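# Structural features, examined
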Amino acid sequence: MTLKGGDVRQERIDRGIKVRTGGIYAVSSWKEIGYLLIPRLVLIVGLLILPLAVTNLYWQRVISIVGIYALLSLSFDFLTHFVGLVSLGGAFYVGVGGYMAAILNTKLGLSPLFTIPMAALGGAAICTLFLLPCLPLRGVYFSIVTLMYPLITARIIEALNILGGTDGIVGVASFPNRWVEQYSLFGLLLLILFGLRRLVNKDIGLVFRGIKDNDQAVKASGINITHYKAAAVFISSGMGCLGGAYLVHIYMWSGISQLALDFSIIPIASTVIGGGGTLVGPVLGAFILVPISELLRAFGTLRIVFYSLILMAFIIFRSEGLMVYAQRKYHQFERWVKV
Amino acid sequence: MTSETILEVKEISKAFGGIQALSNVSFRLHQGEILGIIGPNGSGKTTLINCITGFVHTSSGKVFFKQKDITGQPPHKIAHLGVTRTFQVMRPYYSLPAYKNLIIPLFSPRARKYGGWRGGGKLGDRNTVCIDILEEIGFERDSFVPYKLASALPTGYLKRLELARCLALKPEVILCDEVFSGLSASEIASMIPLIERLQMEGITLVMIEHRLKELFRVADRVVVLNFGQKLTEGIPEAVMEDERVKEAYLGSEDLSDYV
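A brief structural summary. Note that the structure is predicted; figures quoted are calculated from it, not measured.

### Thoughts on the overall build of chain B
- Regarding its fold elements, chain B presents 10 helices and 10 strands.
- The C-alpha radius of gyration computed for chain B amounts to 19 Å, which stays within 12% of the reference 18 Å derived for 259 residues, consistent with globular compactness.
- By its C-alpha atoms, chain B is 70 × 40 × 40 Å across when sized along the principal axes.
- Within chain B, the fraction of its 259 residues that count as buried is 54%.
- Expressed as a percentage of contacts within chain B between residues at least 6 apart in sequence, the contacts between residues at least 24 apart total 67%.
- Element-wise, carbon and sulfur atoms account for 53% of the exposed surface of chain B, whose accessible area totals about 11,500 Å².
- Of the charged side chains in chain B, 31 are positive and 30 negative; the average position of the first set lies 11 Å away from that of the second.

### A few points about the pairing of strand β8 (residues 204-208) of chain B
All names here are of chain B.
- By the criterion of burial, β8 is predominantly enclosed, with five of the five residues buried.
- Side-chain alternation along β8 places Thr 204, Val 206 and Ile 208 on one buried face and Leu 205 and Met 207 on a second face that is also buried.
- Here strand β3 (residues 34-38) runs beside β8; their pairing, made up of four bridges, is parallel. Bridged to Leu 35 within β8 is Val 206.
- Bridge count for strand β7 (residues 173-177) against β8 is five bridges, and the pairing is parallel. Bridged to Cys 176 within β8 is Met 207.
- Since β7 and β8 lie parallel, the crossover through helix α7 (residues 185-200) that links them has a hand, and here it is right-handed.

### Structural notes on the nonpolar core
- Phe 78 of chain A together with Phe 139, Leu 163, Ile 174 and Met 207 of chain B are the most contacted members of the largest nonpolar core, which totals 133 residues.
- Of all the elements, helix α3 (residues 57-83) of chain A adds the most residues to this core, at 14 residues.
- Other than its neighbours up to four places away in sequence, Phe 78 of chain A contacts Val 83, Leu 196, Leu 199, Val 200, Phe 208, Ala 232, Ile 235, Ser 236 and Leu 279 of chain A.
- Grouped together as the second largest cluster of nonpolar side chains are 26 residues, Val 25, Phe 27, Ile 78 and Val 173 of chain B included.

### Considering the packing of aromatic side chains
- Summed over the entire model, instances satisfying the criterion amount to 15 aromatic pairs over all chains.
- Ring centres of Phe 78 of chain A and Phe 208 of chain A lie 5.9 Å apart, and the angle between their planes is 90°; this geometry places the pair in the edge-to-face category. Here Phe 208 of chain A lies in helix α8 (residues 203-220) and Phe 78 of chain A lies in helix α3, a separation of 130 residues in the sequence.
- You can call Phe 78 of chain A buried: its relative accessible area is 0%.
- For Phe 208 of chain A, a relative accessible area of 2% puts it in the buried group.
- Between the aromatic rings of Phe 139 of chain B and Tyr 157 of chain B, the centroid separation amounts to 4.8 Å while the plane-to-plane angle is 55°, which identifies the pairing as tilted. With Phe 139 of chain B in the loop between α5 (125-136) and α6 (155-168) and Tyr 157 of chain B in helix α6, this pair connects stretches of sequence that are 18 residues apart.
- An aromatic cluster of at least three residues, connected via ring pairs, comprises Phe 78, Phe 208 and Tyr 228 of chain A together with Phe 107 of chain B.
- Directly above the ring of Trp 179 of chain A sits Arg 178 of chain A, whose terminal nitrogen or CZ lies 4.0 Å from the centroid.
- Residue placement shows Arg 112 of chain B over the ring face of Phe 107 of chain B; its charged tip is 4.4 Å from the ring centre.

### Some points on the layout of surface pockets
Residue and element names in this part refer to chain A.
- In this structure, the second largest pocket spans a volume of roughly 550 Å³.
- Forming the walls of the second largest pocket are 24 residues, and the residues nearest its centre are Tyr 69, Asp 262, Ile 266, Arg 297 and Arg 303.
- Among the secondary structure elements, those contributing two or more residues to the lining of the second largest pocket are α3, α9 (225-251), α10 (262-274), α11 (280-295) and α12 (303-317).
- Top contributing element to the lining of the second largest pocket by residue count: α10, with six residues.

### Thoughts on the pairing of strand β4 (residues 60-65) of chain B
Residues and elements named next belong to chain B.
- When strand β1 (residues 5-16) meets β4, the two strands line up antiparallel, connected through five bridges. Paired with Ser 13 across the bridge in β4 is Ser 60.
- In textbook terms, the turn of a hairpin is the stretch between consecutive antiparallel strands, and for β4 and strand β5 (residues 68-69) this stretch comprises two residues, one of which, Lys 66, has a positive phi near 50°.

Basis of the calculations
- Residues numbered from 1 in each chain as written.
- Chains lettered and ligands numbered in written order.
- Predicted model: local features only at pLDDT ≥ 70, side-chain atom pairs only at ≥ 80, totals over all residues.
- Heavy atoms only, no water.
- Helix = DSSP H or I, 4+ residues; strand = E, 2+ residues; numbered from the N terminus.
- Rg over C-alpha atoms; globule rule 2.2 N^0.38 Å.
- Buried < 20%, exposed > 50% of the residue type's maximum accessible area, 1.4 Å probe, protein only.
- Contact = heavy atoms within 4.5 Å.
- Areas by Shrake-Rupley, 256 points an atom, 1.4 Å probe, with all protein chains shown as cover.
- Lys, Arg positive; Asp, Glu negative; His and termini not counted.
- Charge placed at Lys NZ, Arg CZ, Asp CG, Glu CD.
- Pairing = 2+ DSSP bridges.
- Right-handed = clockwise from strand over helix to strand, strands pointing away.
- Core = buried A, V, L, I, M, F, W, Y, C linked by side-chain atoms within 4.5 Å.
- Phe/Tyr/Trp six-rings, centres within 6.5 Å; stacked < 30°, edge-to-face > 60°.
- Lys NZ or Arg CZ within 6 Å of the ring centre and 35° of its normal.
- 1 Å grid on protein atoms, 1.4 Å probe; cavity = no way out; pocket = protein on both sides within 12 Å on 5 of 7 lines; lining within 4 Å.
- Points joined across faces, edges and corners; volume = space filled by probe spheres on them.

Next up, the structure:
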């Protein structure tokens, strides 16, 4: 770039405090502890006061749904940016988890306290089992095949009239009150978010990232990549099933609308907006996108037009994603240097 | 040199569609030797390695490792047995720092079984092992090079990283696919002692090379491929005297044929 003073380029340098807090010396001063803790606390406290701050009955329902989309976005980001599997099967995970929780609740009479963990783990096992045949696929082929799963499942339920058919399963128990519902959901969301952040930097997480970077080299290292891909799909689909189970207990109903493609597509949009590969970005993306989508309901059928415009603006002006941008500003300073 | 066979390739053939990449190639690899595989471009050298290490399924023929048939096994099982390979086009994990690249092989079942290190403790034992291996292979321990992203490393270091990935597995056999190509003369000069040391440590090496002069300094025997067929094998000096080899590399020696 040429300015008045001649050719210059922008240089980015890590802040000293960022470099220092990279090691164990971070505990040496309050300033550095604060540097590390404040962003995390903002997120945690922010999420925890959100249910208190929202008084409107309609918006209280919305933030529960946002939490579910945040889980799905997290699951999408993990599988895409840390394992290299771009899965469009989000709706399938939600459907499997949802139907499982509904069946466990209505047929066996289990309370949400048991159905939700059982649906998350059992649903993850089912999803992983069904996705096993497509694990050798890479890139867009994996995406296309996973997209088929929710579509096929919905049509099968419709055509064979199983699992309640088009009526779905009604009479699912709800949560005792909205505090239990929202705080358990947000608590799990935070737990999974920080858990995943640890996981991807552990040795096993590096194997996942290795599969994304270069699966041939992982094979040549004597590691069975199918095992690890299956493990990653289990983790990711478990989050989706957890979201599905929550959704069913919130709506007190399970039906084929839980296999709707929204659950596959909106997580992608929130990952794009929030910044892929940051894990926390997609969560924030969901917290921005879903409420925007609700606000735009006032525009009636034009809603989707405005929604698309907002998405396009994000992609054009902040294509790296909000969190990538924010992290850069937080950790680095920029200056112009003469070339 | 012992003459015990560690790896035996028996009449391997591989066709990609109508192209016969390998036809009836057989050779034996002796324990502890360095075997060079040479041949003009497209003669099937890399395909041969791919067939041995399971990255490509053979059309016919068998591969035996220590008298055990390993034909058609998946790559990770063959690597688990100790037959490792480098890639001609380097395949590091570009988004990871150089030393973190070695965490992945160190995490493999083989490294955990035979590595002799416990790995993965709270103080990051694996990280230490990574730096140790990188130092052994020629990364300067106290410099910043091992901590650089693999995407920022020059070719010479990437080639070493490929070898380091094999070493992390405590291999018995390393199949090197052109580790010298793309390196300067001085870089190769520093690689050769490394190769010799690996041999002294008891690792058997197969080296595909185009840099014949450097290869012949280390290789005990050479196999020559041309158009997927084995032309000859023997000690380097004898092989280079072979008329068929000269012809494969240089075309016909006698220009009067063309005049």
